[in-house]
Amino acid sequence: MSSGEQPNDAWSIAMSDESNSRWFDGLTDESKLNLLIARVDQMDKRAQRSEKEMQARIAELWKRLLESERSNKSSSKLNAPWRKIGNVTKKSSLESVERGGCEEEGFEPGKECQLPRDAYSITRRSSLESVEHGGCEEEGFEPGEEYQLPRDAYSILGCWKSNSRPFWIALLVISVQIAFLLLLLTDQIGSTGESDLVVVPVNVPRIVHASQALATIVAIFDQDDLRSAIEGYFDGLPTRFRGDMAFQRMNKPQWNFCCGIRFVQGFLSVFASFVLAVQSETVFDVLLNFLGVKFVSELDDLAFNLCQLGYFGVQPQRASKCIVEAQFQQDDRNKADENTWNRSWFRKYAHVIGVFGILAFLLGLFFFVLISQNSGDFSAQEISMTLAEGSVPFAALFSGCYRSSRTGKMFVRRVAYEQMGFEDDGGLLGFCGDVDGEKAWTFTFNSVDPCKNIYARTEATTTFNILELGNSQWYSMEGVSLGNTQISRVLDSSAECGKTISDDANDKLCEQLDVQGFVDGNQQGLRSTSFYKMKVNSTGATVFTNQALRHPIYVGSSSTPTHYELILFTGQCWVLTRTIAAESDSELSMQDYMNEDAAFLSTLETIVKTGDHVELVTSSVTAAEGFPTPLGRRWYYMQKSEDPELNYPSADLSRPQEMNLRCAKCDNITNPCYYGGICRMDKTCDC
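Residues numbered from 1 in each chain as written. Predicted model: local features only at pLDDT ≥ 70, side-chain atom pairs only at ≥ 80, totals over all residues. Heavy atoms only, no water.

Colleague: Got a minute to help me understand unusual backbone geometry in this structure?
Modeller: Excluding glycine, residues mostly have negative phi values, and the peptide bonds linking residues are mostly trans. The phi torsion at Arg413 lies on the positive side, around 65°, for a residue other than glycine. Relative to the assigned elements, Arg413 resides in the loop between β6 (410-411) and β7 (414-415). Notably, His613 is not glycine yet its phi reads approximately 75°, a positive angle. With respect to the helices, strands and loops of the structure, His613 is situated in the loop between α21 (598-610) and β21 (614-618). (Helix = DSSP H or I, 4+ residues; strand = E, 2+ residues; numbered from the N terminus.)

Colleague: Would you take a moment to explain a nonpolar patch on the surface for this structure?
Modeller: A cluster of nonpolar side chains, Met54, Ile58, Trp62 and Leu65, forms an exposed patch at the surface whose accessible area comes to about 420 Å². Here Leu65 is to be found in helix α3 (residues 29-74). (Patch = residues over 30% accessible without salt bridge, like charges linked within 9 Å, V, L, I, M, F, W, Y side chains within 5 Å. Areas by Shrake-Rupley, 256 points an atom, 1.4 Å probe, with all protein chains shown as cover. Salt bridge = Lys/Arg side-chain N within 4 Å of Asp/Glu carboxyl O.)

Colleague: In this structure, what is going on with the packing of helix α7 (residues 165-188) against helix α13 (residues 314-325)? I would like to understand it.
Modeller: A pair of packed helices is characterised by two quantities: the angle between their axes and the separation of those axes. The interhelical angle for the contact between α7 and α13, taken along N-to-C directions, is 85°, at an axis separation of 8 Å. Judged on the interaxial angle alone, α13 and α7 are roughly perpendicular. Between α7 and α13, the residues in contact are Arg165, Pro166 and Ile169 and Gln315, Pro316 and Ala319, respectively. Of the residues contributing to the contact of α7 with α13, the split by class is four nonpolar, one polar and one charged. (Axes fitted to C-alpha atoms, helices over the stretch in contact; angles between N-to-C directions. Parallel < 35°, antiparallel > 145°, perpendicular 65-115°, else oblique. Contact = heavy atoms within 4.5 Å. Nonpolar A, V, L, I, M, F, W, Y, C, P; charged D, E, K, R; others polar.)

Colleague: It is not clear to me how the packing of aromatic side chains should be interpreted in this structure. Could you clarify?
Modeller: The description of an aromatic ring pair uses the distance of the two centres, along with the angle that the planes make with each other. Inspection of the entire model under this criterion finds 13 aromatic pairs. On the numbers, 5.6 Å between centres and 70° between planes, the contact of Phe221 with Phe356 is edge-to-face. Of this pair, Phe221 sits in helix α8 (residues 206-222) while Phe356 sits in helix α15 (residues 350-374), and the two are 135 residues apart along the sequence. Here Phe356 falls in the partly exposed class, since its relative accessible area comes to 45%. Three or more aromatic residues link up through ring pairs in this structure, and these residues are Phe263, Phe267, Phe271 and Phe274. Across the ring face of Phe431, the terminal group of Arg414 is positioned such that the distance to the ring centre comes to 4.0 Å. (Phe/Tyr/Trp six-rings, centres within 6.5 Å; stacked < 30°, edge-to-face > 60°. Buried < 20%, exposed > 50% of the residue type's maximum accessible area, 1.4 Å probe, protein only. Lys NZ or Arg CZ within 6 Å of the ring centre and 35° of its normal.)

Colleague: Is there a simple way to think about the nonpolar core in this case?
Modeller: Across soluble globular proteins, nonpolar side chains have a tendency to be buried as a group. Core analysis: the biggest nonpolar cluster contains 55 residues, and Leu157, Trp160, Ile174, Ile220, Phe247, Ile323 and Phe328 have the highest contact counts within it. For this core, the elements supplying multiple residues, two or more each, are α6 (153-159), α7, α8, α10 (252-279), α11 (283-297), α12 (299-308), α13 and α15. Discounting residues that sit within four places of it in the chain, Ile323 has contacts with Gln148, Leu149, Pro150, Ser155, Ile156, Trp160, Phe247 and Phe304. Judged by nonpolar contacts, the second largest core, of 27 residues, contains Ala395, Tyr402, Tyr417 and Leu429. (Core = buried A, V, L, I, M, F, W, Y, C linked by side-chain atoms within 4.5 Å.)

Colleague: How should I be thinking about the state of the cysteines in this particular structure?
Modeller: One covalent bond between the sulfur atoms of two cysteine residues makes up a disulfide. All told, the structure shown has one disulfide when counted by the stated rule. A disulfide bridge connects Cys432 with Cys451, and the sulfur atoms are separated by 2.0 Å. Residues Cys432 and Cys451 are joined through a disulfide that is right-handed, its torsion about the S-S bond being 115°. Taken together, the positions of Cys432 in strand β9 (residues 427-435) and Cys451 in the loop between β10 (438-445) and β11 (456-458) put the pair 19 residues apart, joining distant regions of the chain. Its relative accessible area of 0% is what places Cys432 among the buried residues. No disulfide involves Cys258; its sulfur sits 5.4 Å from that of Cys259, the nearest cysteine. With a relative accessible area of 3%, Cys258 lands in the buried category. (Disulfide = S-S within 2.5 Å.)

Colleague: It is not clear to me how helix α9 (residues 224-235) should be interpreted in this structure. Could you clarify?
Modeller: Each turn of an α-helix holds 3.6 residues, which means side chains three or four residues apart point in the same direction. Here α9 spans 16 Å end to end across twelve residues, near enough to the 16 Å set by a 1.5 Å rise per residue. When we look at burial in α9, the residues that qualify are Asp225, Leu226, Ala229, Ile230, Gly232 and Asp235. Two or three places before Asp225, at the start of α9, stands the capping residue Gln223, its side-chain oxygen 3.3 Å from that residue's backbone nitrogen. Positive backbone phi, approximately 85°, marks Gly236, located one or two places after α9. (Expected span 1.5 Å × (residues − 1). Polar contact = N/O pair within 3.5 Å; in protein donor to acceptor, adjacent residues only side chain to side chain.)

Okay, structure coming up:
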């Protein structure tokens, strides 16, 4: 090859490079060939390695591209332009924009489409930009604070057209929700037959009061619907939105209706929580009732979640999805001068003022209830108590009506009950915090402390309401059962707790009694054999003489104010006295003496309280017998008591006495003549 010719083979070309020729200087041809082969292999391996790295890099770029597209797709609506609410243009243009220019007749949601990539598509897009913006992009518009609607059925109700399926499903759910709350309140308010609007416990432990107050506070601040309703109403209809074009049809009347019905439901939920809280008697009941109302108040949230899952169909599912993705702006939202009091400031903090106003109202009601409970206002003010026979001394005398203490006397936050008409020396029902280490209701008399001079007590209890012991066992201080004591509420004290016997009942008693079969040798010829009915008109009755004065008293035919015999009712039995000697004006008639002389009332109290002057006693008269009469009863000698100061007349059943009382004057109805005799006009029998 001449010097002017260019190399045309690979070897010559490679050797023409000075950098390559230096590698082969001084080497044989065979060595040069081997070295060249090794270098080619090295370059080939490097090329293969670079190709793998390139493929890995390309795969990574594809992955990032797909993730970016996926992210861009999910936020495509957020990148959409802001549109004014209520600025609706032609339906055809809006539908085209709403569907992105890709939905055709028969289009199924979920499929994607794109405009053709040609000049016509560019022209179409430019022509639709003004419609897509809805003519709402104002000149110099600056996006403000963005917010979203609550994810519940009320948002669907306020945004979707009234002739759409989502609207009516949301309205149905809200109607069920409010109906539940109204039924609950109706069941708790005024439906128990009590005079009170809401039946509140007599009282509860302080720990329950604390839990009631906390439950009320939590119920208000946990009620999102109440807060959102106030905030939404005063903020007004949103100005702009970014999302589905359906929001452009929102209007102020529908928005205010949504806020109003949301407020009603929220307030009903809070009020129901409060009512159930103050009616609860344990902390567990407070929490259980609170959770029950919370479940009802969250039905709208549950319905929204079911819409998202497609349980109510495609349209409600799409509506819920649009609400989740949509964003809104309000020109005047949270824009106020905090240094001045003006309308804008009030609108901004209206929900705070409203929530705290309702909280103050309910807490005011709560403290009213608390004070009333601790004052005994919710306790039964008048009760009737019937002590079992023989349970305490003079049991029959203390059976009757009791009224809450006139002076507001309370023991351990429980009302004390005093015997009606005998508040100073009659029976006392009260609660004692330490009865041999236990808490119990007690009965005593002539005492101002229910923990002293106890005659009867209940089993250990912490109840604040004595009516809960309506038919319970009572015990002596020694633990001996005294039988059941019946306690009930008095509805009409004038009818149930009267101090006189009706004239009709009085007339049924025989006018004159004849004594048969009882002759005392020591008093033969001195004892009266006939007794006449008299009614004592006295206002100075005590607990011991009350029953005797309420019933007629039979006076011996030969009685005078200085020496007289009586047959009277003590409240539990009839007694026949010996001849009683008294220091009195003998010129008075027996009727005037009984009405006017205080010594007679003192004698009556002595007879009933200590059994003094008593000779014979009948068996006990039970309440089931109604108005008592001495006719037809067995008579016994009086049983002696170990306590002379408390010797209430009672029969010694082991010592009967053959004595019989017969009505001296006949009556064809109440006392007919024997053997078919005829009762004459003068009340004597014609046999």
